[in-house]
Amino acid sequence: MRTLFRGDVRVCYSQWYVVSDPDRWESDVPYDPRSGQTSGLCGAAVPGHLFLTTGLHTGPVGCTVELHESEPELDESWEEIAEVSFRPTHHEVALELWGGDGSFPLALGPADFRVRHSASGMDEACERELECLDGLVIERHLLQFWPAPPARDRLIKQTGSSAAYWHEVARDTPDPPTPGQLAESRRLARAEEERAAQDALRDAWGGHLPSERLLTVRGDVAGMQELAPELAVALDRLPPERQRAVARWAMRRAYEKAGLAGVDWIAPALAAAERGEPLPAPFDVQDRVGRVARRVMDDPAVPDTTVPPARPEHPAIRQQFLALPALTAAVEDDPLQAALDALFAAAVTYGSDYGTLFAEARSSFPEELGPAAPAT
């Protein structure tokens, strides 16, 4: 015989546990551990899990866990005695306390065990709980494990009223679900989780279910989701050539709104972008936005205006700087990203009046960007 654990443990809510895979056990109890049993102090209906009940609600109880090579001799001096079967479902097994208050590893291998659960002092501990709260240990439990094939639980001895109550609870608990019923329950739970996730996603996108493509595209998709999610969904449904057309239109509107479209060194870049040609200097380098921004600051012919921001919490920024990214967006390789980014850049260029831009977009592309029907 080996003693795997001996000591006083503090229980809460009259319960403690022996579990496999301590990191996951709290989510792996899909039904009452006493289901189908005649004894109620050691619930073993859930594979890899023992649900142990005490008479004491809160306070210390003595606990000993033993591993035997064969069935130990029955000790009738204990007031309550029952037996259940147990097989670990993971290589880690531990004695666990409620709410993560303690965890004590138990060296039990992957085998079928019989468990004899013996207890004494349950009623007395319940009656003297205030003393127990001050540290008095009255109630004691013994768990004895030995190799044995699975068998039904067995109530060997009952003495106190606390134990009698929990045995009655076990007898009134329905049998555990069959594997098929459990699988169906889990399937329904997964389906409900997926439905709830889809509903939340649909709510976040204005009543429309976005595609995986829209959820993974790079760029300012989050900005468009915040300002006009239905337009983002509509853009995603367009063929690439129409996405590109929207991107170029939004680019032009942003630059016109900011008074940049007529600037002599900017107009050729807009025209090149609309024709799908390489951009001329100073838009032809990797850091073109920074380079162009410096040119904007240095050119007295470029207007200097601001607009109320699209969101009150956003800072006010020179309107011309807000418009600049629309051009670089319009020439993005990905036409969906180009459309989203250019339309968002145009929206922030319009500032708090961005609704006017979106109305213009729907008017300019009535068949593509008209009101989209909610996805099913």
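As the structure is a computational prediction, the values presented were derived from the model and not from experiment.

What counts, and at which threshold
Residues numbered from 1 in each chain as written. Predicted model: local features only at pLDDT ≥ 70, side-chain atom pairs only at ≥ 80, totals over all residues. Heavy atoms only, no water. Axes fitted to C-alpha atoms, helices over the stretch in contact; angles between N-to-C directions. Helix = DSSP H or I, 4+ residues; strand = E, 2+ residues; numbered from the N terminus. Parallel < 35°, antiparallel > 145°, perpendicular 65-115°, else oblique. Left-handed = near helix turned anticlockwise from the far one by under 90°. Contact = heavy atoms within 4.5 Å. Nonpolar A, V, L, I, M, F, W, Y, C, P; charged D, E, K, R; others polar. Salt bridge = Lys/Arg side-chain N within 4 Å of Asp/Glu carboxyl O. Buried < 20%, exposed > 50% of the residue type's maximum accessible area, 1.4 Å probe, protein only. Polar contact = N/O pair within 3.5 Å; in protein donor to acceptor, adjacent residues only side chain to side chain. Pairing = 2+ DSSP bridges. Phe/Tyr/Trp six-rings, centres within 6.5 Å; stacked < 30°, edge-to-face > 60°. Lys NZ or Arg CZ within 6 Å of the ring centre and 35° of its normal.

K.L.:
Sorry if this is basic, but what is going on with the packing of helix 8 (residues 240-257) against helix 11 (residues 319-330) here?
P.N.:
For any two helices packed against each other, the geometry is given by the interaxial angle and the distance between the axes. Where helix 8 contacts helix 11, the axes come no closer than 8 Å and their chain directions differ by 160°. Between helix 8 and helix 11, the angle is such that the two are roughly antiparallel. In this structure, helix 8 crosses over helix 11, and the sense of that crossing is left-handed. Across the interface between the two elements, Arg244, Ala247, Arg248, Met251, Ala254, Tyr255 and Lys257 from helix 8 touch Gln319, Ala323, Leu324, Ala326, Leu327 and Ala330 from helix 11. Class assignment of the residues belonging to the contact of helix 8 with helix 11 gives a composition of 9 nonpolar, 1 polar and 3 charged.

K.L.:
Explain the pattern of salt bridges to me, please; I cannot follow it from the model alone.
P.N.:
Side chains that differ in charge, positive against negative, can pair when their charged atoms come close. Taken as a whole, this structure holds 22 salt bridges when the rule is applied. Here Arg114 makes a salt bridge to Glu83, at a shortest N to O gap of 3.3 Å. Here Glu83 lies in strand 6 (residues 80-86) and Arg114 lies in strand 9 (residues 113-120), a separation of 31 residues in the sequence. Note on Arg114: relative accessible area 7%, which makes it buried. We note a salt bridge from Glu83 to Arg116, for which the minimum N-O separation is 2.9 Å. Here Arg116 lies in strand 9 and Glu83 lies in strand 6, a separation of 33 residues in the sequence.

K.L.:
How should I be thinking about the side chain of Gln15 in this particular structure?
P.N.:
You can see Gln15 is positioned in strand 2 (residues 15-20). Among the polar contacts listed, one links the side chain of Gln15 to the side chain of Tyr17, at a separation of 2.5 Å. Apart from residues lying up to four places away in sequence, Gln15 is in contact with Phe51, Leu52, Thr54 and Trp98.

K.L.:
Could you clarify how one ought to interpret the sheet that holds strand 2 in this entry?
P.N.:
By definition, the strands of a sheet pair up through backbone hydrogen bonds, in either a parallel or an antiparallel sense. The strand order 3-4-2-7-8 describes an open sheet built from 5 strands, whose pairing is antiparallel. The open sheet terminates on both sides in strands that have one partner only, identified here as strand 3 (42-43) and strand 8 (103-105). As judged from the 5 bridges shared by strand 2 and strand 4 (residues 49-53), these two strands associate in the antiparallel manner. The partner of Trp16 across the bridge, within strand 4, is Leu52.

K.L.:
Would you explain the pairing of strand 5 (residues 59-67) in this entry?
P.N.:
In summary, the side chains of a regular strand alternate between the two faces of the sheet. Most of strand 5 sits inside the fold, with 9 of its 9 residues counted as buried. The pairing of strand 5 with strand 10 (residues 140-147) spans 6 bridges and is parallel. The residue of strand 10 that forms the bridge with Val65 is Leu143.

K.L.:
Looking at this structure, I do not really get the packing of helix 7 (residues 229-236) against helix 12 (residues 335-350). What am I missing?
P.N.:
Contact geometry of helix 7 with helix 12 gives a least axis separation of 10 Å together with a crossing angle of 155°. Considered as vectors, helix 7 and helix 12 are oriented roughly antiparallel to each other. Helix 7 and helix 12 meet at a crossing whose hand is right-handed. For the pair formed by helix 7 and helix 12, the contact residues are Leu231, Ala232, Leu235 and Asp236 on the first element and Leu336, Ala339, Leu340 and Leu343 on the second. The residue makeup of the contact of helix 7 with helix 12, split by class, is 7 nonpolar, no polar and 1 charged.

K.L.:
I keep staring at the packing of aromatic side chains and nothing clicks. Help me out?
P.N.:
Aromatic ring pairs: the centre-centre distance and the angle between the two ring planes describe each pair. A full pass over the atoms with the stated rule returns 9 aromatic pairs. Here the aromatic rings of Phe5 and Phe104 are separated by 4.9 Å at their centres, their planes lie at 45°, and the arrangement is tilted. Here Phe5, found in strand 1 (residues 2-11), pairs with Phe104, found in strand 8; they are 99 residues apart in sequence, far enough to count as distant. Judged by centre distance (4.7 Å) and plane angle (50°), the rings of Tyr13 and Trp98 are tilted. Of this pair, Tyr13 sits in the loop between strand 1 and strand 2 while Trp98 sits in the loop between strand 7 (93-97) and strand 8, placing them 85 residues apart in sequence. Three or more aromatic residues joined by ring pairs make a cluster, and in this case those are Phe86, Phe113 and Phe145. Over the face of the ring belonging to Tyr350 we find Lys257, whose NZ or CZ atom lies 4.7 Å from the ring centre. In this structure, Arg295 is placed above the aromatic ring of Trp265, and the distance from its NZ or CZ to the ring centre is 4.4 Å.

K.L.:
Which parts of the structure should I look at to understand the environment of Ala273?
P.N.:
Note that Ala273 resides in helix 9 (residues 267-275). Here the alpha-carbon distance between Ala273 and Val115, two residues 158 residues apart in the chain, equals 78 Å. Beyond its immediate sequence surroundings of up to four residues, Ala273 is in contact with Arg248, Met251, Leu279 and Val331.

K.L.:
When you look at the sheet that holds strand 1 in this model, what are you seeing that I'm missing?
P.N.:
Strand order across the open sheet formed by 6 strands is 1-5-10-9-6-11, with mixed pairing between neighbours. Bordering the open sheet on either side are strand 1 and strand 11 (154-157), each of which pairs with just one other strand. Sheet twist, expressed as the average angle between the axes of neighbouring strands with direction ignored, equals 20°. Examined bridge by bridge, strand 9 and strand 10 share 8 bridges and lie antiparallel to one another. Note on strand 10: the bridge partner recorded for Arg116 is Gln144.

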